[in-house]
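# Geometric and topological summary
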Amino acid sequence: MQRRSRGINAGLILLLSQIFHVGINNIPPVTLATLALNVWFFLNPLKPLYESCLSVEKCYQQKDWQRLLLSPLHHADDWHLYFNMASMLWKGINLERRLGSRWFAYIIITFSLLTGVVYLFLEFALAEFTDEPGFRRNCAVGFSGVLFALKVLNNHYCPGGFANILGFPVPNRFACWAELVAIHFISPGTSFAGHLAGILVGLMYTHGPLKKIMEKCAGIFPSNIHYPGQQHHFNSSGYSGYQDYYPYGRPGYPEEAPMNYNAYTAGLSEGEQLERALRASLWDRGNSRPSPPPYGFHLSPEEEMRRKRLHRFDSQ
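What you are looking at is a predicted structure, and each value in this text was computed from that prediction instead of being measured. Counting starts from 1 at the beginning of each chain's written sequence and moves along it residue by residue. The predicted origin of the model limits local features to residues at a pLDDT of at least 70 and limits the giving and counting of side-chain atom pairs to 80 or more, whereas totals for whole chains, interfaces and linings rest on all residues. Only heavy atoms go into the side-chain values, all of them from the structure, while hydrogens and water stay out.

Further remarks concern the environment of Leu35. Numbering of helices and strands runs from the N terminus, with a helix taken as a DSSP run of H or I at least four residues long and a strand as a DSSP run of E at least two residues long. In this structure, Leu35 sits in helix α2 (residues 29-43). Judged by relative accessible area, Leu35 falls into the buried class, the value being 1%. The spatial distance from the C-alpha of Leu35 to the C-alpha of Ala86 is 8.9 Å, given a sequence separation of 51 residues. Contacts are assigned to residue pairs that have any heavy atoms within 4.5 Å of one another. Discounting chain neighbours no more than four positions away, the residues touching Leu35 are Ile19, Met85, Met88 and Leu89. Exposure is judged per residue with a 1.4 Å probe applied to protein chains only, and the accessible area is read against the type maximum: over 50% gives exposed, under 20% gives buried, and values in between give partly exposed.

Now the structure itself:
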């Protein structure tokens, strides 16, 4: 497996343009660090792709377990990196704001390892049930398995609405499964088992025991679900101070309804946000028309008033 050579890494340039358009100060720290780490390993890979990709043959049979750490951080080419990191950008902004940076970092690390383990199990099971040894040699690389797990979380916390999959409206709770199938119709060379592994890990967190296991193993820092935490508050001009963060109500008070994060994404699906982000990245700033809102963000009148009140408070 060799990285395709390009004179100019157009995907990388477009990704950096999109990051700067959103604004580095508007990207939460763990999300920004994840983007930076993947870009760094793309430019300075620790090993060639064939020595970092994940397969049953290399990892289990040859005991090369370091591939569990290397495979999510390496990408086949600049466009593979771009599409994964553009997706990570908006998922990270939504989820890190909601869960807090420390817990989100814990989730990223856990999901990165666990999606690899589940992928190996799926490929091993396919090889055994079909008696086809080729499944043991299937070698996967990239961050997309983790992204599918994060998409399950994002749809769990924002269950309403529809996603546009190949022009068809699909309820958010089924969007992951629809995208899993759609991606492999559009791009048959992608790892079906790797993406499926991500969905299963996400479901283990939202509907299985994984979340409770992580809370017990964390020890040094509990989930923000039951403990208030200090969290950055972001707006279009960068940091605007700190606020106490209670995702599910203040201690001692009745549970509050979770914030509707569709207000920040204008109710757009991931594909629609990515399309708008692409248009925004290429926007001609000399155009006399008003520039589009960054990265598809749109505030309802109520959210705009709340943001202004918070901003005035932080300015005092």
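The structure having been displayed, the exposition proceeds.
Turning our attention to the UniProt feature "transmembrane region" (unreviewed entry) in the chain. UniProt positions are given in the numbering used here, feature names are shortened, and annotations may be inferred rather than shown by experiment. Those places that UniProt annotates as "transmembrane region" (unreviewed entry) correspond, in this numbering, to residues 103-122 and 181-206. Taken end to end, residues 103-122 has its terminal C-alpha atoms 28 Å apart, with 100% of it in helix and 0% in strand. In this annotation, residues 181-206 is assigned 81% helix and 0% strand; the end-to-end C-alpha distance for the span is 21 Å.

The next subject is the pairing of strand β1 (residues 162-165). Taking every second residue as pointing to the same face, the buried face of β1 carries Ala163 and Ile165, while none of Phe162 and Asn164 on the other face is buried. Whether two strands pair comes down to DSSP finding at least two bridges between them. As defined by bridge partners, β1 adjoins strand β2 (residues 168-171) across 4 bridges and the pair is classed as antiparallel. Paired with Ala163 across the bridge in β2 is Val170.

Bringing the side chain of His74 into the picture now. The topology assignment puts His74 in the loop between α5 (67-70) and α6 (78-99). With relative accessibility at 1%, the residue His74 sits in the buried group. Setting aside anything within four residues of it in sequence, one finds His74 in contact with Phe41, Pro45, Leu46, Lys47, Leu49, Ser52, Val141 and Gly142.

Another aspect to go through is the nonpolar core. The term nonpolar core refers to a set of buried residues drawn from Ala, Val, Leu, Ile, Met, Phe, Trp, Tyr and Cys, joined through side-chain atoms within 4.5 Å. Judged by nonpolar contacts, the single largest core of 55 residues is most densely connected at Met88, Trp103, Ile107, Phe111, Leu150, Leu153 and Tyr205. Broken down by element, this core gets its largest block of residues, 11 residues, from helix α7 (residues 101-130). Core analysis: the second largest hydrophobic core is formed by 5 residues, Ile165, Val170, Ala175 and Ala182 among them.

Right, let's talk about the state of the cysteines for a bit. Throughout, disulfides are identified as pairs of cysteine sulfur atoms within 2.5 Å of each other. Under the criterion given, the structure shown has 1 disulfide. Paired by a disulfide, Cys53 and Cys139 hold their sulfur atoms 1.9 Å apart. Here the S-S torsion is close to 85°, and the disulfide linking Cys53 with Cys139 is therefore right-handed. One end of the pair, Cys53, is in the loop between α3 (49-52) and α4 (56-61); the other, Cys139, is in the loop between α8 (134-137) and α9 (144-157), with 86 residues separating them in the sequence. Judged by its relative accessible area of 22%, Cys139 is partly exposed.

A few words on the packing of aromatic side chains. In summary, the pairing rule links any two rings of Phe, Tyr or Trp, Trp by its six-membered ring, whose centres are within 6.5 Å, and it sorts them by plane angle into stacked for under 30 degrees, edge-to-face for over 60 and tilted for everything else. Counted according to the given criterion, the structure contains 7 aromatic pairs. Counting every residue linked through ring pairs, the aromatic cluster contains Tyr60, Trp65 and Phe124. Either the NZ atom of lysine or the CZ atom of arginine qualifies as a charge over a ring when it sits within 6 Å of the ring centre and within 35 degrees of the ring normal. The positively charged end of Lys63 is found above the aromatic ring belonging to Tyr60, 4.8 Å away from the centroid.

This brings us to the confidence of the model for the chain. When pLDDT is low, close inspection of the predicted coordinates is not appropriate. One confidence number per residue, pLDDT, is output by the predictor and ranges from 0 to 100. Looking at the chain as a whole, its pLDDT mean stands at 75, while 67% of the residues score no less than 70. The least confident element of the chain, judged by mean pLDDT, is strand β4 (residues 238-245) at 33; the most confident is α2 at 96. Below a pLDDT of 50 lies the segment residues 222-268, which in the model reaches 102 contacts outside its immediate sequence neighbourhood of four places, other chains included. Segment residues 310-316 is flagged for pLDDT under 50; beyond a separation of four residues in sequence, or across chains, it makes 6 contacts in the model.

One non-glycine residue with positive phi stands out, namely Lys63, at about 60°. Mapping Lys63 onto the fold places it in the loop between α4 and α5. You will see that Leu166, though not glycine, has its phi angle at about 55°, which is positive. Considering the arrangement of structural elements, one finds Leu166 in the loop between β1 and β2.

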